[in-house]
Amino acid sequence: NLLTFTRTGSSCTVGARTASAGSAAPGAAPGAALTRTRGTGSAPGSAGEPPGSDRTWMTSCSPSLSATPDFFNVKELFTLKDLFDARVHLGHKKGCRHRFMEPYIFGCRLDQDIIDLDQTMQHLQLALNFTAHVAYRGGIILFVSRKRQFCHLVESTARACGEYAHTRYWQGGLLTNAHIQLGPGVRLPDLLIFLSTLNNVFEPHVAIRDAAKMNIPTVGVVDTNCNPCLISYPIPGNDDSPAAVELYCKLFRMTIIRAKDKRRHSEAVEELRRKAEGN
Amino acid sequence: MGGRSAAVMAAAVGRVLRLCRRWGAGPRAQTLRLICTTTAVHRKNAGASGPEKYTEAFIKKQIEEFNLGKRHLANMMGEDPETFTQEDIDRAIAYLFPSGLFDEQARPMMKHPNEVFPEQRKIQWGEDGRPFHFLFYTGKQSYYSLMHETYEKWLNVQKHQDQLIAQDLPVQKEKRNLAGSRWLTKIELEEILLEKVSDDDYSRFIKLLQKLVALPCADIEDKYIQKFSREVPVQLQKVVIEPLQYDERGVAFSTGEGKRKTARATAVVYDNGTGKITVNGIDILHYFPVLQDREQLLFPFQFLGRIGKHDTVCTVSGGGRSAQAGAIRLATAKALRSFVTEKEVEFMRQAGLLTVDPRVKERKKPGQEGPRRKFTWKKR
């Protein structure tokens, strides 16, 4: 039984994404600076500022997101078959369906929603590409998940990439009141990755709203019972099966490591080039 | 801050005086009200910041300065800079800067920067702003990293167990003796982690440790578990039963001491006797005219079935009639332990013959006639 899809759901999420990308509140966290320079950076390989300068947070010698849509070649990391084998297409029952997830649902079999893997592929590629760009520019990435089952896995993944994780009880003002709770002069995360957007009581995680308030872009795996609004790069997919979550962790880990390696490589090349010019 | 406030006050006063002159000169000389504003109004509304943070470089510089200062101090006092200990520093400072202040904390002191600047106040991120610890953004990085580590050990043990089962090997379960050990207290945990731990967090951590210990193959992670368990000094002292002694005639005897209320007694029980009991050199029939007291004295012998077999010589002082009888009963029971098997000693203990009676006279309270008796209540 195929669903009749509503267009409103999809336009809502697209609108949210472009809104968060385009907005740049004055005096906001460094995360905003990232979105401001999106699409205005120079082509890859050409030197803007030398890599060793002070402004390590947003260097202009970085690939433009619009010029080369897949600079880090994230497409090769996964295939549709991998997603299918990891049970990413399995959603919850029809009764748990969230209204805004209807555009991403392929159909419903025996009351269980099936997520459209073609759309998932596109969204996953966009999300991984964005993550890679953030990691390339030395941004702080925070993995968030409130599923107890995968708490250890997510923390290990974050540690393996050299990034940060928060899979515990979220204290209210962590992002919005960071200068008091975490100390004055703290640097906030530049990207939040949600392996599951719901918390333990099946409500949207507070961090989604707080990240939107603080102009921090978010990437999130949204299941059929989740609300994809306010997430900059939603990835419709299963967030309950261990196989699926392990796949996501593996993909994020590989993209971040790949991006960081590329950064180190290009910085080394720059160094050699400057030395050669100096001589 | 003080200079700023003084300048502001001066400006305010100047303003008031100028106003005063203007008004005094006019046709209507009004009484002047001095409006003083405090610096609080002028201070910008800054939110309360958390505790001050110190950088690594700052701490290092402080340590260098401290070491240099220590050597200078040693030279000043004419001592050897190499062997100048903290106590010498304290003495030197107390000598050079004598202070009459009462509070020890307020007097001048020179301590190593690690003691002055607490560990947790150091800034937790590097120059580029990236925090050092991967769980920094949780707020309680040490506690959660501890939970993460412990869970990892639990997973290791599970994996090892699964491997053993897969190879059809027996999964050992030797009973680890947990009687002599206890888990860390919350305060000890806080000292280790250098951050505040709530009661719920602490209980959750202990539950996780217990879960880990309950697994059959938990012996692999014994070293890790030892870090969180402490020895408890064994409270039970095994009561040593003294062996029999022999006097010049070759007769076996044993001594015992007993007390009851304020009475203190010692008893010497001889073997091969006729059941004669002497108290303070007087026969019991004359010393204890009341039957109840004599029954108390005979109870240990009657319990063991050795009524006509032992002679007893006792000394007792203090207390009253009944208290002395109870004291001697305890003393003879203790003495009889040496003549008797361990099983019978256990029977005596269960019968209450070897327990000191803790009841003493309760004190009188003010506003009452006795320990419990209240004054007569009169309606009017």
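What you see is a predicted model; the values in this text were computed from it and never measured.

1. Remarks on the overall build of chain B
Alright, step 1. Each helix and strand in chain B was counted, giving 13 helices and eight strands.
Alright, step 2. By the burial criterion, 31% of the 380 residues in chain B qualify as buried.
Alright, step 3. A fraction of 63% describes how many contacts in chain B between residues 6 or more apart in sequence connect residues 24 or more apart.

2. Regarding the interface of chain B and chain A
When the parts of a complex come together, some accessible area is lost, and that lost area is often taken as the interface size.
Alright, step 1. Contacts between chain B and chain A engage 21 residues on the former and 29 residues on the latter.
Alright, step 2. Together, the buried faces of chain B and chain A total about 2300 Å²; carbon and sulfur atoms form 58% of this surface.
Alright, step 3. When residues of chain B are sorted by the area they lose upon contact with chain A, Arg130(B), Phe134(B) and Tyr137(B) head the list and together hold 36% of the total.
Alright, step 4. Inspection of the region where chain B meets chain A yields one salt bridge.
Alright, step 5. Put simply, Glu163(A) and Arg130(B) hold a salt bridge, and the shortest N to O gap is 2.9 Å.
Alright, step 6. In this assembly, chain B and chain A are joined by ten residue pairs in polar contact (both at pLDDT 80 or more).
Alright, step 7. Residues of the side of chain B that touches chain A, tallied by class, amount to eleven nonpolar, five polar and five charged.

3. Some details on the pairing of strand E8 (residues 233–236) of chain A
Residues and elements named next belong to chain A.
Alright, step 1. Side chains of E8 alternate between two faces, with Tyr233 and Ile235 and Pro234 and Pro236 buried alike.
Alright, step 2. Of the pairings in the sheet, the one linking strand E7 (residues 218–222) to E8 comprises four bridges and is parallel in character. Within E8, the residue paired with Val221 across the bridge is Ile235.

4. Some details on the pattern of salt bridges
Alright, step 1. In the structure shown here, the tally under the stated rule is 33 salt bridges over all chains.
Alright, step 2. As a salt-bridge pair, Arg71(B) and Glu82(B) come within 3.0 Å of each other at their nearest N and O atoms. Of this pair, Arg71(B) sits in helix H3 (residues 56–77) while Glu82(B) sits in the loop between H3 and helix H4 (86–96), placing them eleven residues apart in sequence.
Alright, step 3. You can call Arg71(B) partly exposed: its relative accessible area is 39%.
Alright, step 4. Of the residues examined, Glu82(B) reaches a relative accessible area of 59% and is grouped as exposed.
Alright, step 5. With its nearest N and O atoms 3.4 Å apart, the salt bridge here joins Asp357(B) to Arg260(B). A residue pair is termed long-range when its members are at least 10 positions apart, and Asp357(B) in the segment after helix H13 (342–351) and Arg260(B) in strand E4 (residues 252–260) qualify at 97 residues.
Alright, step 6. Residue Asp357(B) is classed as partly exposed on the basis of its relative accessible area of 24%.
Alright, step 7. Overlapping salt bridges bring together Lys147(A), Asp239(A) and Asp240(A) as one network.

5. So, the pairing of strand E2 (residues 105–109) of chain A
Residue and element names in this part refer to chain A.
Alright, step 1. Looking at chain direction, E2 and strand E3 (residues 112–115) are connected through four bridges and run antiparallel. Among the inter-strand pairings, Arg109 is bridged to a residue of E3, identified as Gln112.
Alright, step 2. Taking the residues that link successive antiparallel strands as the turn, the E2-E3 hairpin has two residues, and the phi of Leu110 there is positive, at about 50 degrees.

6. Structural notes on the sheet that holds strand E7 (residues 282–283) of chain B
All names here are of chain B.
Alright, step 1. Strand order across the open sheet formed by six strands is E3-E4-E5-E8-E6-E7, with mixed pairing between neighbours. Whereas interior strands pair on both sides, the edge strands pair on one side only; in this sheet they are strand E3 (245–246) and E7.
Alright, step 2. Packed onto the sheet, helix H11 (residues 291–304) meets strand E5 (263–270), strand E6 (277–279) and strand E8 (311–317) and runs at close to 140 degrees relative to E6.
Alright, step 3. Packed onto the sheet, helix H12 (residues 321–336) meets E4, E5, E6 and E8 and runs at close to 145 degrees relative to E4.

7. Digging into a nonpolar patch on the surface
Residues and elements named next belong to chain B.
Alright, step 1. Side chains of Met76, Met77, Tyr95, Leu96 and Phe97 sit close together on the surface and give an oily, nonpolar patch of about 540 Å² of accessible area.
Alright, step 2. Breaking the nonpolar patch down by element, the ones donating at least two residues are H3 and H4.
Alright, step 3. As for its placement among the helices and strands, Phe97 is situated in the loop between H4 and helix H5 (113–116).
Alright, step 4. When its relative accessible area of 49% is taken as the criterion, Phe97 is described as partly exposed.

8. Examining the sheet that holds strand E1 (residues 90–93) of chain A
Residue and element names in this part refer to chain A.
Alright, step 1. Here three strands make up an open sheet; going across it, the order is E1-E3-E2 and the pairing antiparallel. Strand pairing shows two members of the sheet lacking a second neighbour, E1 and E2, which therefore form its edges. On average, adjacent strands in this sheet sit at an angle of 30 degrees to one another, irrespective of strand direction.
Alright, step 2. Pairing of E1 with E3, which is carried by two bridges, proceeds in the antiparallel orientation.

9. Concerning the packing of aromatic side chains
Geometrically, a pair of aromatic rings is defined through the distance of the ring centres and the angle of the planes.
Alright, step 1. This structure, assessed with the given rule, holds 16 aromatic pairs over all chains.
Alright, step 2. A centroid spacing of 6.4 Å and a plane angle of 85 degrees characterise the contact between Phe71(A) and Tyr136(A), whose relative ring orientation is edge-to-face. Here Phe71(A), found in the loop between helix H2 (30–36) and helix H3 (80–85), pairs with Tyr136(A), found in helix H4 (residues 117–136); they are 65 residues apart in sequence, far enough to count as distant.
Alright, step 3. Taken together, a centroid distance of 5.2 Å and an interplanar angle of 80 degrees make the contact between Phe205(B) and Phe228(B) edge-to-face. Residue Phe205(B) is found in helix H8 (residues 199–214), and its partner Phe228(B) is found in the loop between helix H9 (222–226) and strand E2 (229–231); the two are separated by 23 residues along the sequence.

10. A closer look at helix H7 (residues 186–193) of chain B
Residues and elements named next belong to chain B.
Alright, step 1. Inspection of H7 places Leu189, Glu190 and Leu193 among the buried residues, and these make up the whole buried set. Buried residues of H7, seen end-on, are gathered within an arc of 100 degrees and therefore sit on one face of the element. Across from the buried face of H7, at angles greater than 90 degrees, the exposed residues are Ile187 and Glu191.
Alright, step 2. On its buried face, H7 is in contact with helix H6 (141–166) and H8.
Alright, step 3. Of the residues trailing H7, Leu194 is marked for its positive phi of about 60 degrees.

11. Focus: the packing of H6(B) against H8(B)
Residue and element names in this part refer to chain B.
Alright, step 1. It is at 10 Å that the axes of H6 and H8 come closest, and there the two elements cross at 15 degrees. Here H6 is positioned roughly parallel relative to H8, judged by the angle of their axes. The chirality of how H6 crosses H8 is left-handed. Contact residues: Tyr143, Leu146, Met147, Thr150, Tyr151, Lys153, Trp154 and Val157 in H6; Asp201, Arg204, Phe205, Leu208, Leu209, Lys211 and Leu212 in H8.
Alright, step 2. The residue makeup of the contact of H6 with H8, split by class, is ten nonpolar, one polar and four charged.

12. Here we look at the confidence of the model for chain B
Residues and elements named next belong to chain B.
Alright, step 1. Confidence in the prediction for chain B averages 85 pLDDT; 83% of positions are at 70 or higher.
Alright, step 2. Per-residue pLDDT stays below 50 along residues 44–50; that stretch engages in one contact with residues further than four places along the chain or on separate chains.
Alright, step 3. Scored as a whole, the predicted complex attains pTM 0.64, and scored at its interfaces, ipTM 0.78.

13. Thoughts on the nonpolar core
For soluble globular proteins, the rule of thumb is that nonpolar side chains tend to be buried together.
Alright, step 1. The biggest cluster of nonpolar side chains holds 66 residues, and the ones touching the most others in it are Phe143(A), Val219(A) and Phe205(B).
Alright, step 2. Apart from the residues lying within four places of it in its own chain, the contact partners of Phe205(B) are Tyr143(B), Leu146(B), Met147(B), Thr150(B), Leu189(B) and Phe228(B).

14. Here's the deal with the environment of Pro289(B)
Residues and elements named next belong to chain B.
Alright, step 1. Along the chain, the position of Pro289 falls in the loop between helix H10 (284–287) and H11.
Alright, step 2. Among the residues examined, Pro289 registers a relative accessible area of 60% and is labelled exposed.
Alright, step 3. Taking C-alpha positions, Pro289 is 9.7 Å from Arg321, a pair spaced 32 residues apart along the chain.

What counts and how
- Numbering of residues begins from 1 in every chain and follows the order in which that chain's sequence is written.
- Chains and ligands are labelled by the order in which they are written, letters from A for the one and numbers from 1 for the other.
- Since the coordinates come from a predicted model, pLDDT governs what is reported: local features require at least 70, and pairs of side-chain atoms require 80 or more to be given and counted, while whole-chain, interface and lining totals use all residues.
- The side-chain values count all of the structure's non-hydrogen atoms but skip hydrogen atoms and water molecules.
- In this description a helix means any DSSP run of H or I spanning at least four residues, a strand means any run of E spanning at least two, and both kinds are numbered starting from the N terminus.
- Exposure classes here rest on a 1.4 Å probe applied to the protein chains alone. A residue is buried below 20% of its type maximum, exposed above 50%, and partly exposed in between.
- The criterion used for residue contact is that any of the two residues' heavy atoms lie within 4.5 Å.
- Once two parts are brought into contact, the accessible area they lose, counted with a 1.4 Å probe and summed over both, makes up the buried area.
- By salt bridge we mean one thing: a side-chain nitrogen of Lys or Arg within 4 Å of a carboxyl oxygen of Asp or Glu.
- Polar contacts, as used here, are pairs of N or O atoms within 3.5 Å; protein pairs need one atom able to donate a hydrogen and one able to accept it. Residues neighboring in sequence count only if both atoms are side-chain atoms.
- Polar here means any residue outside two lists: the nonpolar Ala, Val, Leu, Ile, Met, Phe, Trp, Tyr, Cys and Pro, and the charged Asp, Glu, Lys and Arg; Gly therefore counts as polar.
- Any two strands with at least two DSSP bridges between them are considered paired.
- To get an axis, a line is fitted to the C-alpha atoms, and for a helix only the part in contact is used. The angle between two axes follows their N-to-C directions and goes from 0 to 180 degrees.
- Surface patches are defined over residues having more than 30% relative accessible area and no salt bridge, joining like charges when they lie within 9 Å and nonpolar side chains (Val, Leu, Ile, Met, Phe, Trp, Tyr) when within 5 Å.
- All accessibility values rest on the Shrake-Rupley procedure with a 1.4 Å probe; residue burial counts only the protein chains present in the view.
- Ring pairs are drawn from Phe, Tyr and Trp, using the six-membered ring of Trp, whenever the two centres fall within 6.5 Å, and their geometry is named by plane angle: stacked under 30 degrees, edge-to-face over 60, tilted for the rest.
- The arc in question is traced by the directions running from the helix axis to the C-beta atoms.
- What sets the label is the angle itself: under 35 degrees gives roughly parallel, over 145 gives roughly antiparallel, 65 to 115 gives roughly perpendicular, and the rest give oblique.
- Two helices that cross are described as forming a left-handed crossing if the nearer one is turned anticlockwise from the farther one by less than a right angle, and a right-handed crossing if clockwise.
- Per residue, pLDDT measures the predictor's confidence, with a range of 0 to 100.
- What is meant by a nonpolar core is a set of buried Ala, Val, Leu, Ile, Met, Phe, Trp, Tyr and Cys residues, joined one to another through side-chain atoms within 4.5 Å.

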